[in-house]
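The residues making up each chain are set out below.
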Amino acid sequence: MGTLLYILLAIVIFGVLIAIHELGHFLAARLCGVKVLEFAIGMGPAIWTKESKSGTQISLRCLPIGGYCAMEGEDTDSDDPQAFSNAAVWKRLIILAAGAFMNFLLGFVLIIICFSQLSAFTTPTITSFMDGCPYEGEDGLMVGDTFYKINGERIYFSSDVSTYLERNDSDYADIVVIRDGEKVTLEDYYITLLEYTDPDTGEAVMRYGLYFGVKETGFLAQMKYSWYCAMDFVRMVRLGLVDLITGAVGVDQMSGVVGIVDMIAEVGTESASTYDAFLNIAYLAAFIAINLSVMNLLPLPALDGGRIFFLLVTWVLEKLTRKKIDPKYEAYINTAGLVLLMGLMVFVMYNDIVRIISG
């Protein structure tokens, strides 16, 4: 499959992710008795429309990018008892969160599909130590120990051990392992990369000196590690935001739609076969879906998380003041947030294009 087809596939993936998100809003709205004026798949001029029995206009639009779910009374007051603005607060919360939930669910399903191809999973359980490793002992690490947490971060996979040891600012870490069914805590434990001789190549390598090899197999293992992977993706988003806020990474290192499309095309073209390409792209799509799910719930204007935050704040204020807050103020805030978000997207897109051209 050529690069162009992978690019088209990437565009379709984004379209599906957004359409699934809007489908979540639509299904939740209908279940909560809120009138949906239009549910659209795609953007641009409509190429097919149909009105449902409930009065919702279902439309298919020409551009396979995105979609939307327009509800009665979504941004303004309405006299219709089925309007979004007149629904109970808990119903509005469910409707607003449903889009992110559907994105997360899609990502989880894609991970399950990818992991169903694996016959076994390596656990973060120590099976042996490299020759000369100083960390073995009753006061340290032992064969059979399963890493549970490092500096408060849950360890799901053996690769997490090196990842979260290396994120540490010092050579000391707070480690929790499962030993003989009980949690053992090693506080301020000294552990750092040391030079060892690779037994396979005979070359000097920098390692922590630990071997992991216990494997789990079967359907239950596939489901467990699929869930672990989804949780790991959520954490990656959180740590990425922390790195952005603390300045560990710059805004210029963020990737937007253009960068992700280029990444998907690169993953596809570099895969050993078309089958491997689809699995690799599905795995990347799962990460994007869960990333969108988490990011969309951030309490920022123009995002569902911002609307949820504003809904909770206005609910509290209305309970305290006994006065209804005009929804136009939320619309003003969301509009301003959307303008800033679009500006950030343009900046990130520009950096993506420059990076691709110069790379």
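Up top is the structure.
Just so we're clear, the structure is a prediction, and the values are computed from it rather than from any experiment.

### Comments concerning unusual backbone geometry
Thinking step 1. Its identity as a non-glycine residue notwithstanding, D180 has a phi of 55 degrees, on the positive side.
Thinking step 2. Tracing the backbone through its elements, the reader meets D180 in the loop between β7 (172-179) and β8 (182-190).
Thinking step 3. Using a relative accessible area of 78% as the deciding quantity, one classes D180 as exposed.

### Focus: helix α6 (residues 274-296)
Thinking step 1. For α6, which comprises 23 residues, the first-to-last C-alpha distance of 32 Å matches the rise-based estimate of 33 Å (1.5 Å per residue) to within 8%.
Thinking step 2. Buried within α6 we find A277, I281, A282, L284, A285, A286, I288, A289, I290, S293 and N296.

### Topic: helix α3 (residues 158-166)
Thinking step 1. Every buried residue of α3 is listed here: D160, V161, Y164 and L165. Down the axis of α3, the smallest arc covering the buried residues is 125 degrees, so these residues share one side.
Thinking step 2. On its buried side, α3 packs onto β5 (146-150), β6 (153-154), β7, β11 (210-212) and α4 (219-246).

### Some details on the nonpolar core
Thinking step 1. Core analysis: the biggest nonpolar cluster contains 33 residues, and I111, F115, Y225, I264 and I288 have the highest contact counts within it.
Thinking step 2. Elements represented by at least two residues in this core include exactly α1 (3-31), α2 (89-115), α4, α5 (257-270) and α6.
Thinking step 3. The contact partners of I111, leaving out residues within four places of it in the chain, are S226, C229, A230, F233, A286 and I290.
Thinking step 4. Counting 23 residues, the second-largest nonpolar core is a separate cluster that includes I126, F129, I175 and L239.

The rules we used
Residues numbered from 1 in each chain as written. Predicted model: local features only at pLDDT ≥ 70, side-chain atom pairs only at ≥ 80, totals over all residues. Heavy atoms only, no water. Helix = DSSP H or I, 4+ residues; strand = E, 2+ residues; numbered from the N terminus. Buried < 20%, exposed > 50% of the residue type's maximum accessible area, 1.4 Å probe, protein only. Expected span 1.5 Å × (residues − 1). Arc of directions from axis to C-beta. Contact = heavy atoms within 4.5 Å. Core = buried A, V, L, I, M, F, W, Y, C linked by side-chain atoms within 4.5 Å.

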